[in-house]
Amino acid sequence: MPRVGGTVAPGYEPVRDAFAAVLASEPGHAAQLAASVDGSPVVDLWGGPGLDGDSLLGVLSVTKGVAFLAAALLIQSGELDPGREVRSYWPQFAAEGKAGVTVGELLTHRAGAIGTREGFSPAELADDALIAGRVAAHAPYWRPGSAFGYHSLVIGALTGELVRRTTGLTLKEFHDRRVRVPFGVDLHLGPPARDVRRVVDVLPPLAPPPGPPPAADSLLGIASSAHHPAFLPPHLLVNDPVFRAGGQASAGGVASARGLARFYAVANALLTPATRRAVARPHAVGHDLVLGTARAYGLGFLVAWPSPGGGAFGHDGAGGSVGLADPRHGLVFGYTRRRFPSRDAAADGVRLLRAVRGCARARRG
Amino acid sequence: MPRVGGTVAPGYEPVRDAFAAVLASEPGHAAQLAASVDGSPVVDLWGGPGLDGDSLLGVLSVTKGVAFLAAALLIQSGELDPGREVRSYWPQFAAEGKAGVTVGELLTHRAGAIGTREGFSPAELADDALIAGRVAAHAPYWRPGSAFGYHSLVIGALTGELVRRTTGLTLKEFHDRRVRVPFGVDLHLGPPARDVRRVVDVLPPLAPPPGPPPAADSLLGIASSAHHPAFLPPHLLVNDPVFRAGGQASAGGVASARGLARFYAVANALLTPATRRAVARPHAVGHDLVLGTARAYGLGFLVAWPSPGGGAFGHDGAGGSVGLADPRHGLVFGYTRRRFPSRDAAADGVRLLRAVRGCARARRG
Amino acid sequence: MPRVGGTVAPGYEPVRDAFAAVLASEPGHAAQLAASVDGSPVVDLWGGPGLDGDSLLGVLSVTKGVAFLAAALLIQSGELDPGREVRSYWPQFAAEGKAGVTVGELLTHRAGAIGTREGFSPAELADDALIAGRVAAHAPYWRPGSAFGYHSLVIGALTGELVRRTTGLTLKEFHDRRVRVPFGVDLHLGPPARDVRRVVDVLPPLAPPPGPPPAADSLLGIASSAHHPAFLPPHLLVNDPVFRAGGQASAGGVASARGLARFYAVANALLTPATRRAVARPHAVGHDLVLGTARAYGLGFLVAWPSPGGGAFGHDGAGGSVGLADPRHGLVFGYTRRRFPSRDAAADGVRLLRAVRGCARARRG
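First things first, this report covers the structure right here in the doc. Quantities reported herein were computed from a predicted structural model and do not represent experimental measurements. (Residues numbered from 1 in each chain as written. Chains lettered and ligands numbered in written order. Predicted model: local features only at pLDDT ≥ 70, side-chain atom pairs only at ≥ 80, totals over all residues.)

1. So, the sheet that holds strand β10 (residues 313-316) of chain A
Neighbouring strands of a sheet are bound in pairs by backbone hydrogen bonds; such pairs are parallel or else antiparallel. Residues and elements named next belong to chain A. Spatially, the six strands line up as an open sheet ordered β1-β3-β2-β12-β11-β10, and their pairing is antiparallel. For this open sheet the edge positions go to β1 (4-8) and β10, each flanked by a neighbour on one side alone. Neighbour-to-neighbour, the strand axes of the sheet open up by a mean angle of 5°, direction not taken into account. Relative to strand β3 (residues 40-47), β1 is paired through five bridges, and the arrangement is antiparallel. Its bridge partner lying in β3, Thr7 is registered against Asp44. The sheet contacts of helix α12 (residues 257-270) involve β2 (31-37), β3, β10, β11 (322-326) and β12 (331-337), and relative to β12 the element is tilted by about 150°. (Pairing = 2+ DSSP bridges. Helix = DSSP H or I, 4+ residues; strand = E, 2+ residues; numbered from the N terminus. Axes fitted to C-alpha atoms, helices over the stretch in contact; angles between N-to-C directions. Contact = placed C-beta atoms within 7 Å.)

2. As for the pairing of strand β9 (residues 294-297) of chain A
Residues and elements named next belong to chain A. Bridge count for strand β8 (residues 284-287) against β9 is four bridges, and the pairing is antiparallel. Note that in β9 the partner of Gly286 across the bridge is Arg295. Connecting β8 to the antiparallel partner β9 that follows it, the hairpin turn spans six residues, and Gly292 within it adopts a positive phi of roughly 75°.

3. Observations concerning the interface of chain C and chain A
Between chain C and chain A, the residue contacts involve 13 residues of the former and 15 residues of the latter. Examining the composition of the side of chain C that touches chain A, we find that four residues originate from one element, strand β8 (residues 284-287) of chain C, more than from any other. By residue class, the composition of the side of chain C that touches chain A is five nonpolar, six polar and two charged. (Nonpolar A, V, L, I, M, F, W, Y, C, P; charged D, E, K, R; others polar.)

4. A few points about unusual backbone geometry
At the junction of Trp305 of chain A and Pro306 of chain A, the peptide bond is cis and its omega measures out at 0° in the coordinates. Of note, Pro306 of chain A is situated in the loop between β9 and β10. In this structure, His109 of chain B is a non-glycine residue whose phi angle is positive, near 65°. Along the polypeptide, His109 of chain B turns up in the loop between α3 (103-107) and α4 (122-125). Using a count of 26 C-beta atoms within 10 Å as the deciding quantity, one classes His109 of chain B as buried. (Buried ≥ 20, exposed ≤ 12 C-beta atoms within 10 Å, placed from the backbone.)

5. What to know about the relation of the copies chain B and chain C
One copy of the chain maps onto the other through a rotation about an axis followed by a shift along the same axis. Once chain B is rotated about the relating axis by 120° and shifted along it by 0.1 Å, it coincides with chain C to within an RMSD of 0.0 Å. In the structure described here, the two chain copies are related by an operation that fits a three-fold rotation axis. Interface residue correspondence from chain B to chain C reaches only 8%, placing this contact among heterologous pairings that use different surfaces. (Least-squares fit on C-alpha atoms with pLDDT ≥ 70 in both.)

Now the structure itself:
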């Protein structure tokens, strides 16, 4: 069995076993796991080559939680109204038939504003201001509101632009001032110089590779920017120095598992129960037009942990990382993995989440 | 060939042959079939072990027709308005983001109010008042109106609560006073003591059994209450004495085929042509989010007999029973079967309905 | 290699090769291809038995473009408002629950008015006035607006009726006076006597035939009128003399490839950039309820060439023909083929469109 570092609280020993089994499931597997229950840390584990508990990894779409928490806080304070049109905050967004899109529709992947016909280079993907401007000027890929589909690489930029328009702060500034610095959350949109040395490269998937890129002329291809000549698959994009430094809000963050768990602990603390219910409410459930599979979105956050309606909210990423809050079990959870998964990206996270929940239920009775 | 009891009118001999063929298609098959055309009984048949023409069987979702007919009658009289919000009749239903749900959306399986996170025990499933209260207080499983999915075990309770709020009568009282007793309809929500002896147990399916229960964390699992520790599959639930006595309106009714045919004859008589068209209009056609298959719902009733737009309305059940009105052919139809089907639950009913229609067309010219 | 007649402009030689390869891909294949870039003809080719550059072929659903261009012109002039209800122009359309359908919903296949329960004979399918009247009086096959599905054989009649109600001209008169005659467009709704001799019969598909007709009780069957006793599959319907002479607007047109390319050149010239963007905007993207596959519709026109959002708009047909405008590449395109395709109807057109685009990009730099 691989060596597992770190600690678990009494009663959470099965989680250590499950974590060791996950590490053993793939040669060279390295990962971090952290969880708290009812405010107390119960799991803080790591293992595998090149990682310790302080390492930072590119977490791809897990980053989106930063943008959605910012939106939730602004909705809670009344600065942002999910029922109002995006253009009332951001006039340029009205272009090309998007005048009627509400903030709530944007957050729930209903706007159809998934990309542009030119696509984005890796360097452009690092620049949320550029992304927001281009997508705002572009026609939607379906009639807004008529369907929903994952705005994979741009939802963070679009949400962040709403933050900037309502607060005057960039999303990174908002996150740093309101969440990261005051609460010591190890989740960064472009890590500070002193933290860069803790960043560890994501490793490519074991053979077989994760398949061909999506067809350039599909909605998935457009949302993935696969039609751009300089397209990089996500396991390479995530390590690109410019992309990583840019800390774009859809996929560019770096974090430790501890950072992800703490991020959701802060989310739980800052959001009232009513706001938490509002963000975890299943606003878009069913066929995702871009991914072609079933998904369940709340106000941005993914909410099927494991099924919609349970009150949990969070996000996962293509690299297998995940962070979430599960108020019903009093639980926050973070998981990162270093090697890009070959198959089901969410498998490790689901397995470990079940293990933590099982122990939490047994302890809480 | 199995012995077939009962009679057919001249010109309907092919239906007797089709019924005998259905009985012969499975060892120990027992079933009832009844139909009227233009007000006259044309088919009254039964056969197979343990059944005669007077036997009552648990008909599972065929029961829902009772609730939908009550709603249709109240819509016709103006006591219930499909365009108004459910909360205007039932304030508690507004909880957790369901304030905007209209009566029409509820009836067409668009509310997302398919169940609760705790699920229901078999005993709780027998109690529509309990179901209505719990589901009303619970968050929906998708944004109401954004999709539709079968509210398998609760739509009868929710519809029945609307009946109670508008008339002061429970659904059972409404059904008994307005439909069952005055017209002698042998379809019961909890059979009277003198009729209990006519109830025959449903038999489990032949090997192979109907597969594993739905995943507890799927929408189908939640709608089926498969996540409750005391989950019973439908072929066992239907025979549960408490469940059967409760006569819950989504799946708890018992009936004979004659009773089902007569129920729809009464529906035809009590509803004006305009109301019949309104209930048979395809309000929700396409992908059912819970079942994962294509469905077509009118105002509650299923309306694809065989395709939406033909004006027929009715309901089938997981046990293979079916009841419907087909005004275009002047036809009402009831079918019950004793053994739970192993495969396509609707196959027998579709086959026999075609046979009856063929004869009706030939006779009517 | 088959002999290819006609000419290509300098730099478009690869298109000639691609066209020859298409002709060689099937025994006895005959086809026409025409394209212009930035206003100048660059491709004018034909080849295979029985066809020359002047031949006219039944183009089935490519015909629909005539109706959609007329609607676009009336929207541009303000005579037709996509946000207004159809009934404000055409009161009879309000019947049976269709009162709320807007012009935009009708054009985007959302009305559910795909056919009638009786279906249409081939002779009836030739008569758009009859089709419009019957469908207007009929109940929709889903709740209007709740889904979209291809109104295969009737959308031209319904759109044409709006043209008639707003202008006093039949769609054929509108097309002849505003498009065909003034600009010499070889695309006819019922060809004039002197052009009939140029019409060439479409040939049946090579073995295997295109499969059984759609199930009579499916939405596809109803939209295809497959439930009518006199049903003809499209490769026979297209040659029916009455159908061809009627020139119905959903599938009854005849054209040459030159005619299709010129039709879209005229569309480009008559529509302002804003209108072109409006018609090419993806109004209905995703699962087509009738076809059961993914589609992307603008204001009637198909808009995924190759993906929605690129600004191209046009239509293809079951016989393999296609016409479209691609303003981004300054390109218009027409393709017809004589033999009904056995498999993917759009394959030839997609292949040749790519060849033309490749040359256009290389030339325009």
